[in-house]
Amino acid sequence: MSGTTSTTDSPRRSGTFAALRVRNFRIYVSAHAVASTGTWMQNIALEWLVLEVGGSPAAVGVTMACQFLPMLLLGLYGGMIADRYPKRVVLMITQSLNGLLSAALAVLTIAGQIRVEHVYLFALAQGLVFVVDNPTRQIFVNEVVPERYVRNAIALNAAVFQTSRLIGPAVAGVMIATVGSGWAFAANAASYIAPLTGLMLIRSADLIRTPPLERAPGQLRSALRYVAERPHVAWTIVLVGVVGTFGLKFPVVLTAMADQTFAGGAVSGAQLYGLFNVVIAVGSVAGALIAGGRTHPRLRTIVLAGAAFGAAQLAAALAPGLGVFLAALVAMGMVNLAFQAMANSSVQSWVDGGVRGRVMSLYMLAFVGGTPLGGPVVGWITDAFGARAGMAFCGLVPLLAAAGVAYALSRHARTVAEPAPA
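Residues numbered from 1 in each chain as written. Predicted model: local features only at pLDDT ≥ 70, side-chain atom pairs only at ≥ 80, totals over all residues. Heavy atoms only, no water.

### Re the overall build of the protein
Line of reasoning, step 1. When helices and strands are counted, the protein shows 16 helices and zero strands.
Line of reasoning, step 2. Compactness check: the protein gives a C-alpha radius of gyration of 21 Å against a globular reference of 22 Å for 422 residues, within 12% of the reference.
Line of reasoning, step 3. Its C-alpha atoms give the protein principal-axis dimensions of roughly 65 × 55 × 40 Å.
Line of reasoning, step 4. For the protein, with 422 residues in total, the buried portion stands at 55%.
Line of reasoning, step 5. Considering only contacts within the protein whose residues lie at least 6 apart along the sequence, 88% involve residues at least 24 apart.
Line of reasoning, step 6. With an accessible surface of roughly 17,100 Å², the protein has 67% of that area assigned to carbon and sulfur atoms.
Line of reasoning, step 7. Counting 28 positive and 15 negative side-chain charges, the protein places the averaged centre of each group 7 Å from the other. (Helix = DSSP H or I, 4+ residues; strand = E, 2+ residues; numbered from the N terminus. Rg over C-alpha atoms; globule rule 2.2 N^0.38 Å. Buried < 20%, exposed > 50% of the residue type's maximum accessible area, 1.4 Å probe, protein only. Contact = heavy atoms within 4.5 Å. Areas by Shrake-Rupley, 256 points an atom, 1.4 Å probe, with all protein chains shown as cover. Lys, Arg positive; Asp, Glu negative; His and termini not counted. Charge placed at Lys NZ, Arg CZ, Asp CG, Glu CD.)

What follows is the structure, given as structure tokens:
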């Protein structure tokens, strides 16, 4: 059984699809593919709905802020829950809540009663579920596969998520144009049946369980100290935070690029926006698979990938025509997912199992917790100075941050290498 497979084998024994040898992971990732397709359908429909009922890209930024504000305020507590309680049970609860929220949004939209305030409330409620769901999903893979497959499993999860991005936006675009956004929300609500079924089909005996965290005072502070004592973990989280806060504001800048910069003629802004997401997904799948084949990426490689993502987005902002813009989006997707997959799997492998949930909640707090700041800022820049300026800002900040982290790491390396004074 996979749960009893020795984890002392060479960690370099890997391959692009190595984790699929494990039955539980095959079930888990198949269910994840269905749910991810529904999630992308909802994301596209929601972003376009907000643009319609809110009237500006700034409303999209506010929606993103509402969705991720709970992570900013409560993120570390979600990681503590992931460390304390059975992860499969927690995921069954969170997936059920997500399905119910999507169903409620579908009913309001189909009935024609939806207002932008309802969307903000939905985003806030979904954000509360995300606080617990995301760190639990991040570390559950460590129970599903043996240790030597964890990096590959994380990369394959990312590849599946991005592959579903090829299907979800296309289906959502058709549904928005024909039956309306509400039915895309309904389809997403139904898609949560897949992960619930998958979690029930996973063999408990094959899970590699992490001992639960016992209640004790100061557990959040101890996790922060743990990260602070490990510069390679801390700087990776810092760079991930900057990229997440300012670099990944695709719903704001791509809706504006579709609606203001390239729309016209026979192609509508909604169709272009769906195309942009599909093109990014093509690059993202390639990036995730590249990362999955790397067993031990160095921190320098992660920093270079972060810099490359910023440079690619800056190039997209300056693209003179649609063809060049689409090529830049492919590059953006590839280096972005390679960066995310390598950073995520490296942080998980660098930390002990007993603190992994809290560290990953800090990771996700950095990754998405800055959205209440970054979303409105990018929305305001896009409204005030245009879509290209907003997108250029989203590329320049991660590029400068990667340069800063590289400089800090080189300073740290020189300090460690210098002999102590007599």
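### Here we look at the layout of surface pockets
Line of reasoning, step 1. Approximately 160 Å³ is the volume found for the second largest pocket.
Line of reasoning, step 2. Secondary-structure elements contributing two or more residues to the lining of the second largest pocket are helix 5 (150-178) and helix 11 (269-292).
Line of reasoning, step 3. It is helix 5 that contributes the most residues to the lining of the second largest pocket, six residues altogether.
Line of reasoning, step 4. Considering only residue class, the lining of the second largest pocket consists of six nonpolar, four polar and no charged. (1 Å grid on protein atoms, 1.4 Å probe; cavity = no way out; pocket = protein on both sides within 12 Å on 5 of 7 lines; lining within 4 Å. Points joined across faces, edges and corners; volume = space filled by probe spheres on them. Nonpolar A, V, L, I, M, F, W, Y, C, P; charged D, E, K, R; others polar.)

### Notes on the side chain of Thr94
Line of reasoning, step 1. One can find Thr94 in helix 3 (residues 87-110).
Line of reasoning, step 2. Excluding anything up to four places from it in sequence, Thr94 contacts Val129, Val132 and Asp133.

### Here's the deal with the nonpolar core
Line of reasoning, step 1. Leu254, Phe276, Phe325, Leu329 and Met391 are the most contacted members of the largest nonpolar core, which has 97 residues in total.
Line of reasoning, step 2. Looking at which element gives the most residues to this core, the answer is helix 13 (residues 322-350), with eleven residues.
Line of reasoning, step 3. Formed by 20 residues, the second largest nonpolar core is a distinct cluster that contains Phe25, Tyr149, Ile154 and Leu156. (Core = buried A, V, L, I, M, F, W, Y, C linked by side-chain atoms within 4.5 Å.)

### Focus on a nonpolar patch on the surface
Line of reasoning, step 1. A cluster of nonpolar residues, Leu69, Leu72, Leu73, Leu74, Tyr77, Leu121, Leu124 and Leu128, forms a patch on the protein surface that exposes about 740 Å² of accessible area.
Line of reasoning, step 2. For the nonpolar patch, the leading source of residues is helix 2 (residues 57-84), giving five residues. (Patch = residues over 30% accessible without salt bridge, like charges linked within 9 Å, V, L, I, M, F, W, Y side chains within 5 Å. Salt bridge = Lys/Arg side-chain N within 4 Å of Asp/Glu carboxyl O.)

### Observations regarding empty space enclosed by the protein
Line of reasoning, step 1. Following the criterion strictly, the structure yields four cavities of 30 Å³ or more and no others.
Line of reasoning, step 2. If you add up the space inside the second largest cavity, you get close to 50 Å³.
Line of reasoning, step 3. Lining the second largest cavity we find Ile44, Trp48, Pro169, Gly173, Ile176, Ala270, Tyr273 and Gly274.
Line of reasoning, step 4. Of all the elements in the fold, those that place two or more residues in the lining of the second largest cavity are helix 1 (23-54), helix 5 and helix 11.
Line of reasoning, step 5. Looking at side-chain class alone, the lining of the second largest cavity contains six nonpolar, two polar and no charged residues.

### Digging into the packing of aromatic side chains
Line of reasoning, step 1. If you walk through the whole model with that rule in mind, you get seven aromatic pairs.
Line of reasoning, step 2. Looking at Arg230, its charged tip hangs above the ring of Tyr226, at a distance of 3.6 Å from the centre. (Phe/Tyr/Trp six-rings, centres within 6.5 Å; stacked < 30°, edge-to-face > 60°. Lys NZ or Arg CZ within 6 Å of the ring centre and 35° of its normal.)

### Some remarks on helix 8 (residues 219-228)
Line of reasoning, step 1. Buried within helix 8 are the following residues: Gln219, Leu220, Ala223, Tyr226 and Val227. Down the axis of helix 8, the buried set is contained in an arc of 115°. They therefore lie on one face. Those residues of helix 8 that are exposed and angled more than 90 degrees off the buried face are Arg221 and Ala228. (Arc of directions from axis to C-beta.)

### Observations concerning the packing of helix 8 against helix 14 (residues 356-368)
Line of reasoning, step 1. Between helix 8 and helix 14, whose axes approach to 10 Å, the crossing angle comes to 75°. Relative to helix 14, the element helix 8 lies roughly perpendicular. Touching Gln219, Ser222, Ala223, Leu224, Tyr226 and Val227 of helix 8 are Arg358, Val359 and Leu362, all from helix 14.
Line of reasoning, step 2. Partitioning the contact of helix 8 with helix 14 into residue classes produces six nonpolar, two polar and one charged. (Axes fitted to C-alpha atoms, helices over the stretch in contact; angles between N-to-C directions. Parallel < 35°, antiparallel > 145°, perpendicular 65-115°, else oblique.)

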